[in-house]
Amino acid sequence: MSQPDLATTPDQQAPPVSRRRRASSGRVPRIVWLFLLIPLAVELAWVFWPAMNSFWLSLTRWSGVGAAEFVGFDNYANLLDDPVFRTAASNTVIWTIGFGGLSVIMGLTLAVVLNRPRRGVGLYRSAIYLPMVFSLVVTGLFWRVLYQPDGAINSTFELIGLDGVARQWLADPDTALYAVLIAAVWRQVGYIMVLYLAGLKGVDPSLEEAAAVDGANRWQRFRYVVFPQLRGVNTVIFAVTVIDSLRTFDIVWAMTRGGPYDSSQLLSTYMFQQGFTLVNLGYGSAIAVTIFLLAIGFIITYLVRATRED
Amino acid sequence: MTTSRMSRRGFLAGSAALGVSGLLTGCVGAGGSDDEGDAASSPEGNGTPESTGPVTLQSSLSDPQPRAALESLIDAYDGDVTLNTVAIENYRAQLPTYLSSSNPPDVLTWYAGSVARDYAARGLLLDLSDLWTGDGACAGFSDALRSLSSTEDGTPIFVPTNYYWWGVFYRPSAFEEWGVEPAETWDDFLALCETLNAQGVSPLTMGTGGTPWVAAGWFDYLNLRVNGPEYHRELLAGQHSFDSAEVRAVMDEYAKLLPFIDPNGRSYSWQDAVTPLVQKRAAMYLIGAFITQAFPEEDVDDVDFFRVPIIDPSLPVGEEAPTDGYFAASGSQNPDGAKALLSHLAAPEYQQQFIELAGSSNLPTSPDVDTSGFSPLVQKGITHLEETDEITQFFNRDSSDELQATADTALTRFLDDPDDVDAILADWQAAAERVFDA
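In this text the structure is predicted, and so the values were computed from the model without any measurement. As a convention, each chain's residues are numbered from 1 in the sequence order in which they are written. For this description, chains carry letters from A and ligands carry numbers from 1, given in the order in which they are written. Note on the predicted model: pLDDT of at least 70 is required for a residue's local features to be given, and 80 or more for side-chain atom pairs to be given and counted; whole-chain, interface and lining totals, by contrast, use all residues. For side-chain calculations, the full set of non-hydrogen atoms in the structure is used, while hydrogens and water are omitted.

1. Examining the sheet that holds strand β8 (residues 304-306) of chain B
All names here are of chain B.
- The four strands are arranged β6-β7-β5-β8 in an open sheet whose pairing can be described as mixed. The sheet is open, and its two edges are formed by β6 (202-204) and β8, each paired on a single side. Across the sheet, the axes of successive neighbouring strands diverge by a mean angle of 30°, strand direction being ignored.
- When DSSP locates at least two bridges between a pair of strands, those strands are taken to pair. A run of H or I in DSSP counts as a helix once it spans at least four residues, and a run of E counts as a strand once it spans at least two, with each numbered from the N terminus. Bridge count between β6 and strand β7 (residues 282-288): two bridges; the pairing is parallel. Its bridge partner being in β7, Leu204 is matched across the sheet by Met284.
- Against the sheet, helix α10 (residues 186-198) touches β5 (166-170), β6, β7 and β8, its axis set at about 140° to β7. Only the stretch in contact is used when a helix axis is fitted, and all axes are lines through C-alpha atoms; the angle between N-to-C directions ranges over 0 to 180 degrees. We call two residues in contact whenever any of their non-hydrogen atoms come within 4.5 Å of each other.

Take a look at the structure:
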């Protein structure tokens, strides 16, 4: 790497030998160290230090007041015995698969359908993307109204004669989690669609035309010609979706607070409830550490796979 | 680190270091908490302390009317007060942090009883003895309020400014239309529910969707009526099992109510559940007097209540009367200013002003408030509590927010699936043990 700036500094008078050695050993100029060390210090202070503290807290029992009591791995042992934690963990798996699967399938379908230029297509695209401008909390409050016992959803079912289907979606432990999931997917779909629309712009149309000439039907053209070209976009969407689903918190909190009786609890909401509503900071931290390990585990596997493929 | 417990000094140093800018004031604040006695016997001594310097008032009264009422009380005060209003859920979560921070708010709204005592036991609350002695603002308050506002060893740490009663609320005009009367005994009450049901009215409304704690209201009352106030207090203190024959008897009575509770309430918050009552689709609501805030203004005169019917006449009658008010942080930079503000808030004329403006139907704690101008409902509430043998507060205030969470789970599950009561009570006891052991 050349170092043109260095040549004009007072160091210029230094003997040529040392200059050459400096260049060959790749010594980094001080200003670069500054640019590296300051963000590193900030990262350490604001990300790693709190994360380490959270790990330490997870080994204690602390209500935020007075001294924290060291209890070793008791919190983790209690987690394993805690039925709510088990529900939250399995709900998180259901959520990740359901949220990721539904929003990707629907987003891709919409993108393919709305990719062709035709009258009013912009309007459709905007309408589908629109929910993305609301925060998840607003989405949650909006859907809460729809899900009310005499709200729009039940009225619609009754209108089309499906009275038996109508129920208290958010108050029924069998449906609460899925009702929230639908609201979250409703908001996410537009985002995924836009990403796929961008990806589809990069697809070479001549290939598809060639396949059409060869007699491939629409599904075959999509499956064997278009879809393989979307690999780059798929990678991005996969990462975004998994991260979004692991960090989901606000919409569940706004709609059900993990209820009724913990049936829609996710790891994130249970962590919040323990840590901030009940101020069980040690126990909440143990859940936070669990989430952290899951996320890290996933990201490392993913990165290893992604780099190997490259 | 070889010791397993962080030392108090270490914790204070840590918390001071957390508030980077507040490092120095943190040390001052920490010193203040050790010198509580000095602050209490400051030169101002007894009586109304002089207001000195600015004070901060942290308030959880975020509903519009109580909030405006508190603002007007602050406007009428001639000291320098900064009022911060925080939504109650956040407030609840943040309260330990407020109190233990290096620069805490001076005066805070909260509840009397075990919650306040718990903070006092950790040395976080200011000793308010001056206000309760001599010509202090609370000196004339009743002994029941004094003991509710004091620590175990009798140090006052709380200033109660209003309290409210619970009861079965209904609309007299609706009862007249339906041709029914309030019930005195449990059998009459169940018969009343039956009659109303036959007329196509939901006898009881209850919003357990967003606010599952409402379900604990019936639990408290049925336990008071079936097992008595003493057993109730002991149960909430962890001295009895939720999986006992006594609690099972309570649930048997609760089960009799279930067919009469509006099932839609499972999706409602307590405020939403008032709507069927106002619209005369539901007949009764067991709730606190704060229900009047959720009533439309034009219907507020058409609300009445009766006592939860007696089940076992041999037991002393207990009623729920949660008490609200203020305490001050021991780390306050300005304890005299804090006490001056507390005296202002507790003064009879301002208690009266608050109750009138807040539209809350709360009762004043000061015996000097002229209650003749209060609504008939509030007058009736005063008599209601005067006639009772024993006072309890509410599930979470007699125990803890954490135990309340176990009750929310158990009771909402019970509402959905009353036949599963054995498993529910066993799980409840297991969850309660985790709370008490922690």
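From this point, things continue past the structure.
2. Observations regarding the side chain of Gln404 of chain B
- Tracing the chain through its elements places Gln404 of chain B in helix α19 (residues 401-416).
- In contact with Gln404 of chain B, not counting residues within four places along its chain, are Trp213, Ala216, Phe394, Phe395 and Asn396 of chain B.

3. Overview of the domain arrangement of chain B
All names here are of chain B.
- What marks off one domain from the next here is an automatic or database domain assignment. Partitioning chain B into structural domains gives domain 1 (8-162 + 323-372) and domain 2 (166-320 + 400-437).
- Facing eight residues of domain 1, the contacting portion of domain 2 comprises five residues.
- Summed over both sides, the interface between domain 1 and domain 2 buries roughly 500 Å², with carbon and sulfur atoms accounting for 35% of that surface.
- Summed over both partners, the accessible surface that disappears when two parts come together, traced with a 1.4 Å probe, is what is meant by buried area. Of all residues in domain 1, the largest losses of buried area upon contact with domain 2 belong to Arg92, Ser360 and Ser361, amounting jointly to 52% of the total for that side.

4. Some details on the interface of chain A and chain B
- Tallying the contact residues gives 29 residues for chain A and 26 residues for chain B.
- In terms of surface lost to chain B, no three residues of chain A exceed Val65, Gln168 and Tyr261 of chain A, which account for 26% of the buried area on that side.
- By definition here, a salt bridge exists when the distance from a side-chain nitrogen of Lys or Arg to a carboxyl oxygen of Asp or Glu is within 4 Å. The interface formed by chain A and chain B holds zero salt bridges in total.
- Pairing of N or O atoms within 3.5 Å defines a polar contact, subject to two protein rules: one partner must be a possible hydrogen donor and the other a possible acceptor, and residues neighboring in sequence count only if both atoms are side-chain atoms. At the junction of chain A with chain B, the criterion picks out four residue pairs in polar contact (both at pLDDT 80 or more).
- Those elements that provide at least two residues to the side of chain A that touches chain B are β2 (69-70) and α14 (267-277) of chain A.
- Residue polarity follows a fixed list, in which Ala, Val, Leu, Ile, Met, Phe, Trp, Tyr, Cys and Pro are nonpolar, Asp, Glu, Lys and Arg are charged, and the others, Gly among them, are polar. A per-class count over the side of chain A that touches chain B returns 14 nonpolar, seven polar and eight charged.

5. Regarding the pairing of strand β1 (residues 55-59) of chain B
Residues and elements named next belong to chain B.
- With a 1.4 Å probe rolled over the protein chains alone, any residue whose accessible area is under 20% of its type maximum counts as buried; one over 50% counts as exposed, and the rest are partly exposed. Counting buried positions over the five residues of β1 gives four, a clear majority of the element.
- Across five bridges, β1 lies against strand β2 (residues 81-85) in parallel orientation. Each bridged residue has a counterpart across the sheet, and for Gln58 the counterpart in β2 is Asn84.
- Here a crossover is taken to be right-handed if, once the strands point away from the viewer, the path from the first strand over the helix to the second is traced clockwise. As a crossover connection, the stretch from β1 through helix α4 (residues 64-75) into β2 is right-handed.
- Of the strand pairs in this sheet, β1 and strand β3 (residues 107-111) are connected by two bridges, and their pairing is parallel. Counterpart to Leu57 in the pairing with β3 is Val107.

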